[in-house]
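Observations on the model geometry
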Amino acid sequence: MSLEQLQKEWNRDGVTVCEDKNLIQVRLETPTSSCSIYLNGAHVSSFIVNGVQQFFLSEKSAYEPKKAIRGGIPLIYPQFGPGNIQTHGFARNMQWSIKSTFSEGNGTIGIKFELKDDDYSRNIWPNSFRALYSVILHPAHLELRFSNKNTDIKPWNYQLAFHTYYSISNIQNVHVEGLSQYEFIDKMKKAQKFTESRQNVTIQEEVDRVYVSIKPDTPIVLVDQSNQHKIILKSENLNDAVVWNPWVDKSKAMADFGDLEYPNMICIEAGQIEKPKLLSPGEKQCHKHFIFPSSKQSPSL
Ligand SMILES: O=P(O)(O)OC[C@H]1O[C@H](O)[C@H](O)[C@@H](O)[C@@H]1O
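Within each chain, residue numbers correspond to sequence positions counted from 1 in written order. Owing to the predicted nature of the model, reporting of local features is limited to residues with pLDDT of at least 70; listing and counting of side-chain atom pairs is limited to 80 or more, with chain, interface and lining totals taken over all residues.

1. Digging into the UniProt feature "active site" (unreviewed entry) in the protein
- The UniProt feature table records "active site" (unreviewed entry) at His163 and Glu269. Taken together, the annotated residues stretch across 107 residues yet fold into one region, lying no more than 4.6 Å apart by C-alpha.
- Here, residue contact means that the backbone-derived C-beta atoms of the two residues sit within 7 Å. Those residues in contact with His163 that sit more than four places away from it in its chain are Ile73, Pro74, Ile76, Cys267 and Glu269.
- Not counting residues within four places of it along the chain, the set of residues in contact with Glu269 comprises Ala161, Phe162, His163, Thr164, Ala241 and Val242. UniProt positions are given in the numbering used here, feature names are shortened, and annotations may be inferred rather than shown by experiment.

Below you can see the structure in the form of structure tokens.
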């Protein structure tokens, strides 16, 4: 569908379809918040509350069809990896279509995207699926709902992650709360398992960990001490959380990431990673993730 057709079909109060960096993007807006989502990957690239950008986006990111964007929220599906197919799956590389826009009251504005298997996906992963992804912008927080259905005649399993890149003042000023006493798979140490002993998880080197079996309703909190900014993360039906910062060497090795950008970002990813979900033919699963920023500027949270 052309940009003009998409605009005619979907533009309304609080929803604008536009072109950005040669890709189609949808912008959602409430009086106090906004967010942008590329159809390529249904990739949320920006989330602003009370004028404060919450997400990191690399200046070196590619913006091309079939390529992942470095920053915001790459949607990782149907595999996190390592596994049989490309790391982090293919959903972040594919063009999603818009299914509907909606409001659930209280000043919210939402958009639902759809992705189904096609020749490209079946060439990578030989299974039929239908995925729906709703991005719901609230006046002061973001809600993400992902559901997927097995439309195949055989069972298959999947992993999922909201691979969110947060913008921070400096990695030295931040810590993550809520992970204490959880086991984690340390990808920097041959995927061995350890138990987190710290109340406040800080980062002083390359970190790549999957914290597992996090109790439902446990909030994870990203605290930036320099500007009193906090981001509270909550999930439903997602058991794991990744903490990642590439630090010096890995930053240099990534073509789509600046060598000196690592102090200004941290990824905290809510996901279903350690134990993939099995879906029988016709079966469906839903997952939710919520991002609540709060700072001195927005004391209501
Ligand atoms: O380069 P990407 O595929 O986007 O992956 C970037 C990073 O994402 C995750 O956090 C993984 O745990 C890391 O191992 C990986 O390096």
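There's more to say after this.
2. Notes on the environment of Val44
- The secondary structure listing takes helices from DSSP runs of H or I that are at least 4 residues long and strands from runs of E that are at least 2 residues long, numbered from the N terminus. Looking at the secondary structure, you find Val44 in strand β4 (residues 43-49).
- Sequence-wise, Val44 and Val26 are 18 residues apart; in three dimensions their C-alpha atoms are separated by 9.3 Å.
- Apart from the residues lying within four places of it in its own chain, the contact partners of Val44 are Cys35, Ile37, Gly72, Ile73 and Val135.

3. Quick look at the pairing of strand β9 (residues 129-137)
- Note on burial: count the other C-beta atoms lying within 10 Å of the residue's C-beta; 20 or more is buried, 12 or fewer is exposed, in between is partly exposed, and C-beta positions come from the backbone. In terms of burial, β9 is largely enclosed, as eight of its nine residues are buried.
- What makes two strands pair is DSSP finding at least two bridges between them. Here β9 pairs with strand β10 (residues 142-150) via nine bridges, running antiparallel. Opposite Leu137, over in β10, you have Leu142 as the bridge partner.
- Hairpin connection between β9 and β10: a loop of four residues separates the two successive antiparallel strands.

4. Details of the sheet that holds β4
- Pairing within the open sheet is antiparallel, and its five strands lie in the order β1-β2-β3-β4-β5. Among the strands making up the open sheet, the edge pair consists of β1 (15-20) and β5 (52-53).
- Relative to β4, strand β3 (residues 33-38) runs antiparallel, the two sharing six bridges. Note that in β4 the partner of Ser33 across the bridge is Val49.
- Only the stretch in contact is used when a helix axis is fitted, and all axes are lines through C-alpha atoms; the angle between N-to-C directions ranges over 0 to 180 degrees. Strand contacts of helix α1 (residues 3-10): β1 and β2 (23-29), with the helix running at about 165 degrees to β1, the strand carrying the most contacts.

5. Focus on the confidence of the model for the protein
- Of all residues in the protein, 98% attain a pLDDT of 70 or more, and the chain-wide mean is 96.
- Taken over the whole predicted complex, pTM reads 0.97, whereas the ipTM for its chain interfaces reads 0.96. The pLDDT value expresses, per residue, how confident the predictor is, ranging between 0 and 100.

6. Examining the sheet that holds strand β16 (residues 200-201)
- Ordered by their spatial adjacency, nine strands build an open sheet running β7-β8-β9-β10-β22-β19-β18-β13-β16, and the pairing between neighbours is antiparallel. Two strands close off the open sheet at either side, each with one partner strand: β7 (97-102) and β16.
- Relative to strand β8 (residues 109-116), β7 runs antiparallel, the two sharing five bridges. Of the residues in β8, the one forming a bridge with Ser97 is Glu114.

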